[in-house]
Amino acid sequence: MAAGYLDILRARHAARLLAGTLVGRLPNGTAHIAIVLFTRAEGGSYTLAGALAAAYGLATAVGQPLLGRAVDLHGQPRVQLPAAVLSALGMAALALAGLGSLPVAYAAVVVAGVFTPPLEGGLRALWPTVLGGEDRVHRAYAMDAVAQEVMFTVGPLLVTVLVALWSPAAALLVINAIGVLGALSVVLSEPSRTWRSAPREAHWLGALRSPGLLALLGAFFFVGLALGSITVAGVAYADDHGRESVYGWLMAALGLGALIGGVAYGARQWAGTPERRLRGIVALLALCYLPLTLTPGVAAMTALSALAGVFLAPAIACSFIVVDRHAPRGTVTEAFSWLVTTFGVGAAAGTAVAGPAAETGGTAWSFAVAGAGGVAALLVLLATGRVLAAPGRTPAVVAGSENDRNGAAEPGFSSGHKA
């Protein structure tokens with residue numbers, strides 16, 4: 001599998017697009033952590049920290065599908081770069097104004113969230129043109145999920161290092177400046193500048209007219225809720241143990257576990273449909289969230305955090321394929337942006353619930369929110385199994401077909417293609 005990843009990275013533009021997208025998404029991937037640490041440093045409560053992070057998540061949820069549809073209609077550079085700059089300015093306003101005026105603080109995080117550029121969906125729209133073959137595109141999905149976990153492992157550590165060296169406000173400014181540079185690298189590349197979406201049927205619902213996509217989004221709302229609650233619960237756990245660095249280690253362990261799980265998942269071919277496999281993965285994900293409520297010592301808790309992350313990257317990689325199988329033609333970026341949106345809404349709900357849970361019942365209660373989210377995600381997938389079993393169209397990725405990569409099948413599926 002490592003040789004397959006190297007083959008992808010040797011393709012012209014591939015390494016630049018992957019690196020630029022990961023760097024460009026760094027502000028979004030670390031925003032909840034940075035907002036919570038900033039709020040606590042300014043003297044704000046867990047509830048306020050959760051509320052600000054929730055406001056950011058909800059704003060992202062609103063902005064992602066709108067910006068995704070704009071990308072499908074107008075191209076990437078005209079949308080991605082201006083959005084990245086405006087999002088960074090919103091976070092800069094929060095860092096400079098502080099919490100002296102709560103309306104200003106909320107407005108700042110809302111601006112930052114609404115204009116978060118849809119780089120993640122944009123990258124997956126570019127893979128067919130850059131890689132030119134269905135098998136390589138499938139492998140790129142697995143590599144994409146693994147690479148994200150590298151960011152989620154390094155991101156929390158980077159934030160805590162910046163906080164330790166300077167301040168939470170400086171961390172907000174630096175992270176968002178780096179994000180703008182990442183977005184700039186992507187939109188100046190030839191594939192991004194020349195990309196055009198496939199023709200689409202005019203419909204006000206866009207990608208949301210697919211029942212299967214709606215079912216998937218419903219499940220991943222609760223996955224987002226679980227992850228969002230862990231963000232706040234981890235801070236409460238670190239406070240209980242009197243060391244701020246503990247928080248960074250817990251979040252990094254969570255990302256490291258997902259990295260390991262993603263590499264293992266991408267190292268083999270899988271038989272059967274992705275929808276059925278996704279149910280099994282989410283069941284294991286929920287099972288691994290439950291032990292977090294035990295809140296043991298730091299070493300054991302770090303290990304449990306790593307275990308909780310093991311099935312996250314496989315769930316994400318499998319969901320990419322499910323999105324492809326159910327999203328209507330011509331809604332490439334929008335469909336993936338809705339997936340990001342459900343994570344955002346779920347994470348916002350998780351942070352909003354976990355804060356009061358920590359203050360009312362203690363750290364264990366806030367981690368219990370994560371377990372409940374995992375179980376709810378599984379229940380949604382079980383309840384909508386019949387809808388998810390009927391993809392909207394025949395899987396097909398054809399290089400050069402106006403970059404339409406909807407309908408992709410995963411290696412080992414009944415399409416007969418193997419990675």
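This structure is a prediction, so every number in the text was calculated from the model and none was measured.

Quick notes on the rules
- Residues numbered from 1 in each chain as written.
- Predicted model: local features only at pLDDT ≥ 70, side-chain atom pairs only at ≥ 80, totals over all residues.
- Heavy atoms only, no water.
- Helix = DSSP H or I, 4+ residues; strand = E, 2+ residues; numbered from the N terminus.
- Buried < 20%, exposed > 50% of the residue type's maximum accessible area, 1.4 Å probe, protein only.
- Contact = heavy atoms within 4.5 Å.
- Areas by Shrake-Rupley, 256 points an atom, 1.4 Å probe, with all protein chains shown as cover.
- Salt bridge = Lys/Arg side-chain N within 4 Å of Asp/Glu carboxyl O.
- Expected span 1.5 Å × (residues − 1).
- Core = buried A, V, L, I, M, F, W, Y, C linked by side-chain atoms within 4.5 Å.
- Phe/Tyr/Trp six-rings, centres within 6.5 Å; stacked < 30°, edge-to-face > 60°.
- Lys NZ or Arg CZ within 6 Å of the ring centre and 35° of its normal.
- Axes fitted to C-alpha atoms, helices over the stretch in contact; angles between N-to-C directions.
- Parallel < 35°, antiparallel > 145°, perpendicular 65-115°, else oblique.
- Left-handed = near helix turned anticlockwise from the far one by under 90°.
- Polar contact = N/O pair within 3.5 Å; in protein donor to acceptor, adjacent residues only side chain to side chain.
- Bend = angle between axes of the 7 residues up to and from the residue.
- pLDDT = per-residue confidence, 0-100.

Peer 1: Let's hear about the overall build of the chain: which residues, and what values?
Peer 2: Per the secondary structure count, the chain includes 18 helices and 0 strands. Counting the 419 residues in the chain, one finds 59% classified as buried. Counted over contacts in the chain with a minimum sequence separation of 6, partners at least 24 positions apart contribute 83%. Of the roughly 15,000 Å² of accessible surface on the chain, 69% is carried by carbon and sulfur atoms.

Peer 1: If you had to explain the pattern of salt bridges to someone new, which residues and values would you point to?
Peer 2: Taken as a whole, this structure holds 6 salt bridges when the rule is applied. Across the pair Asp-239 and Arg-40 runs a salt bridge, and its minimum N-O distance is 3.4 Å. Residue Asp-239 is located in helix H11 (residues 211-240), and its partner Arg-40 is located in helix H3 (residues 26-41); the two are separated by 199 residues in the primary sequence. Judged by its relative accessible area of 40%, Asp-239 falls in the partly exposed class. Through salt bridges with shared partners, one network takes in Arg-25, Glu-120 and Arg-124.

Peer 1: Explain helix H5 (residues 77-97) to me, and be specific about the residues and the numbers.
Peer 2: One turn of the α-helix equals 3.6 residues, which is why residues spaced by three or four share an orientation. Taking 1.5 Å of rise per residue, the 21 residues of H5 would be expected to cover 30 Å, and the 30 Å separating its terminal C-alpha atoms lies within 8% of that figure. Buried residues of H5: Val-79, Gln-80, Ala-83, Ala-84, Ser-87, Ala-88, Gly-90, Met-91, Ala-92, Leu-94 and Ala-95, and no others. Where H5 is buried, its residues contact H3, helix H4 (46-74), helix H6 (102-114), helix H7 (119-131) and helix H9 (168-187). Directly beyond the C-terminal end of H5, a positive phi value near 70° is found at Gly-98.

Peer 1: Provide a residue-level description of the nonpolar core, including the pertinent values.
Peer 2: Judged by nonpolar contacts, the single largest core of 114 residues is most densely connected at Leu-94, Trp-127, Leu-131, Phe-220 and Leu-278. It is H11 that provides the largest number of residues to this core, a total of 15 residues. Sequence-distant contacts of Leu-278, defined by excluding residues within four places in its chain, comprise Leu-216, Phe-220, Ala-315, Cys-318, Ser-319, Val-322 and Leu-381.

Peer 1: Can you break down the packing of aromatic side chains residue by residue, with the values?
Peer 2: Enumeration according to the criterion identifies 2 aromatic pairs in this entry. Between Phe-221 and Phe-222, the aromatic rings sit 4.9 Å apart at their centres with planes inclined by 85°, giving edge-to-face as the arrangement. Classification of Phe-222 by relative accessible area gives partly exposed; the value is 24%. In this arrangement the basic side chain of Arg-124 is found over the ring face of Phe-320, its NZ or CZ atom lying 3.6 Å from the centre.

Peer 1: Give a detailed account of the environment of Gly-122, specifying residues and quantitative values.
Peer 2: Topologically, Gly-122 is positioned in helix H7. Overall, the relative accessible area of 1% leaves Gly-122 in the buried class. Ignoring any residue separated from it by four or fewer positions in sequence, one finds Gly-122 in contact with Gln-76, Gln-80 and Thr-333.

Peer 1: Lay out the packing of H11 against helix H17 (residues 363-383) in plain terms, naming residues and giving numbers.
Peer 2: The contact between H11 and H17 brings their axes to 8 Å, and the two run at 170°. Taken together, the axis directions place H11 and H17 in an arrangement best described as roughly antiparallel. Here H11 and H17 pass one another in a crossing that is left-handed.

Peer 1: Give a detailed account of the side chain of Ser-210, specifying residues and quantitative values.
Peer 2: Within the secondary structure, Ser-210 sits in the loop between helix H10 (190-194) and H11. Engagement of the side chain of Ser-210 in a polar contact is seen with the backbone nitrogen of Leu-213, the distance being 3.2 Å. Within the structure, the side chain of Ser-210 is placed 2.7 Å from the backbone oxygen of His-326, a separation counted as a polar contact. Excluding its chain neighbours within four sequence positions, the residues that come into contact with Ser-210 are His-326 and Pro-328.

Peer 1: Kindly report on H3, identifying the contributing residues and their values.
Peer 2: Between its first and last C-alpha atoms H3 spans 21 Å; for 16 residues at 1.5 Å apiece the expected length is 22 Å, and the two agree. Maximal helix bending in H3 amounts to about 45°, located at His-32. The element H3 is largely enclosed, with a buried count of 14 among its 16 residues. Just beyond H3, the residue with positive phi is Gly-43, at close to 95°.

Peer 1: Talk me through the confidence of the model for the chain; I want residue IDs and the actual numbers.
Peer 2: When pLDDT is averaged along the chain, the result is 83, and 88% of the positions lie at 70 or above. Taken as a whole, residues 393-419 scores under 50 in pLDDT and shows 89 contacts with residues more than four places along the chain or in a different chain.

Peer 1: Can you lay out the environment of Leu-287 for me, pointing to particular residues and giving the numbers?
Peer 2: Inspection of the secondary structure puts Leu-287 in helix H13 (residues 274-289). C-alpha of Leu-287 to C-alpha of Leu-307: the two residues are 20 residues apart in sequence and 9.9 Å apart in space.

Peer 1: An account of the side chain of Ser-192 is needed here, citing residue identities and associated values.
Peer 2: Tracing the sequence through the fold places Ser-192 in helix H10. Assessed through its relative accessible area of 0%, Ser-192 is described here as buried. A polar atom in the side chain of Ser-192 sits 2.9 Å from the side chain of Gln-76. The contacts of Ser-192, once residues within four sequence positions are left out, are Gln-76, Pro-77, Leu-126, Val-186 and Val-187.

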